[in-house]
Amino acid sequence: MEDYDLEQGTARQDLCRYLAACYYQPGPEFAEEKVFDSMLAAATRVHPDLAAHALRLGEEFAREGLEDLLIDYTRLFLGPTHTLARPYGSVWLEGESVVMGESTMAAQALYREGGFDIGAEFREPPDHIAAELEFLYLLIYRENEAHRDGKPDALEAKLALRRRFLDEHLGRWVGPFTAAVKAGAQSNFYRQLAELTHRFVGMQAVKPLAN
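First, a word on scope: everything that follows refers to the structure included in this document. Every chain's residues receive numbers from 1 upward, in the order its sequence appears when written. With pLDDT at 70 or above as the cut-off, local features in this predicted model cover only qualifying residues; side-chain atom pairs require 80 or more to be listed or tallied, and sums for whole chains, interfaces and linings still use all residues. Side-chain measures here rest on the full set of heavy atoms in the structure, leaving out hydrogens and waters.

**Examining helix H11 (residues 188-202)**
Right, so step 1: Numbering of helices and strands starts at the N terminus; helices are DSSP runs of H or I of at least 4 residues and strands are runs of E of at least 2. For a helix, the expected span equals 1.5 Å multiplied by the residue count minus one. Between its first and last C-alpha, H11 extends 21 Å over 15 residues, near the 21 Å set by a 1.5 Å rise per residue.
Right, so step 2: Burial classification: accessible surface area is computed with a 1.4 Å probe over protein chains only, and a residue below 20% of its type maximum counts as buried, one above 50% as exposed, and the rest as partly exposed. Those residues of H11 that fall on the buried side of the exposure criterion are Phe189, Tyr190, Gln192, Leu193, Ala194, Glu195, Leu196, Thr197, Phe200 and Val201.

Here you go:
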């Protein structure tokens, strides 16, 4: 535990939180709250490859108008007819027509185990990409707490939960989902977001604790 880079761990949790935010409807608050400046700062502390993609993501947001991004967001994630990249785990794990399937219930069980509550204002199914990224953020946050507080048993439990979550849920469907976003997006912003998401989640594989 003494070799753990807590600064990088904090950056990982922050980057995960900013990624989740980008899967909500785009609005002026993205610029007002300097989301992409903060994302770039976090990504720079995590990995240079992620930093390069975070830089391009912010540049594309500044280049493309909110109206165009909202149109692309709607086409990709909402429909109203054919949704190009449905942002729900069950769709990718159980079939295109499945929403709130068995995999959704299994994800919710992991949420409860991890002490993750979805707010009443969240109107999407609980396996929405934003919710799953927010859960991953919470797990990384709790792991950082365990490192900081010197609690190896708590750390091992959180690492085991993150391994299960990635192996059974987000890690299984983030690849095809982000591929669909890249294939269907009209904006470079959403193509960059998909690439950054795929790369970040792929880097979260859990390594065994050293004895």
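Continuing now.
**Some words on the packing of aromatic side chains**
Right, so step 1: Two aromatic rings from Phe, Tyr or Trp, using only the six-membered ring of Trp, form a pair when their centres are within 6.5 Å; if the ring planes differ by under 30 degrees the pair is stacked, by over 60 it is edge-to-face, and anything between is tilted. Scanning all chains against the criterion turns up 20 aromatic pairs.
Right, so step 2: Summarising the aromatic geometry, the rings of Tyr73 and Tyr190 are spaced 6.3 Å apart at their centres and angled 45° between planes, so their arrangement reads as tilted. You can see Tyr73 sitting in helix H5 (residues 66-78) and its partner Tyr190 sitting in helix H11, a full 117 residues away along the chain.
Right, so step 3: Of the residues examined, Tyr190 reaches a relative accessible area of 0% and is grouped as buried.
Right, so step 4: Aromatic side chains Phe116 and Phe135 sit 5.5 Å apart centroid to centroid with 40° between the ring planes, which places their arrangement in the tilted category. Residue Phe116 is found in the loop between helix H7 (102-114) and helix H8 (129-149), and its partner Phe135 is found in helix H8; the two are separated by 19 residues along the sequence.
Right, so step 5: Phe135 gets classed as buried once you look at its relative accessible area, which sits at 0%.

**Focus: the pattern of salt bridges**
Right, so step 1: A side-chain nitrogen of Lys or Arg and a carboxyl oxygen of Asp or Glu constitute a salt bridge if their distance falls within 4 Å. Applying the stated rule across the entire model yields 8 salt bridges.
Right, so step 2: Of the charged contacts in the structure, one is a salt bridge between Arg75 and Asp72, with a shortest N-O distance of 2.7 Å. With Arg75 and Asp72 both in helix H5, this residue pair falls 3 residues apart, about one helical turn.
Right, so step 3: In this structure, the salt-bridge partner of Glu143 is Arg162, at a minimum N-O distance of 2.7 Å. Separated by 19 residues along the polypeptide, Glu143 in helix H8 and Arg162 in helix H9 (residues 152-168) bring together distant segments of the chain.
Right, so step 4: The class for Glu143 is buried, based on a relative accessible area of 2%.
Right, so step 5: Linked by salt bridges that have partners in common, Asp49, Lys182, Glu195 and Arg199 make up one network.

**A short note on the nonpolar core**
Right, so step 1: In terms of nonpolar packing, the biggest core is built from 55 residues, with Met39, Phe77, Leu133, Leu170, Tyr190 and Phe200 touching the most fellow members.
Right, so step 2: Considering each element in turn, this core owes the most residues, 9 residues, to H8.
Right, so step 3: Residues are treated as being in contact if the distance between any of their heavy atoms lies within 4.5 Å. Ignoring sequence-local partners within four residues, the contact set of Tyr190 consists of Cys22, Pro26, Leu69, Asp72, Tyr73, Leu76, Phe77, Val181 and Ala185. The definition of a nonpolar core used throughout is a set of buried Ala, Val, Leu, Ile, Met, Phe, Trp, Tyr and Cys residues joined through side-chain atoms within 4.5 Å.

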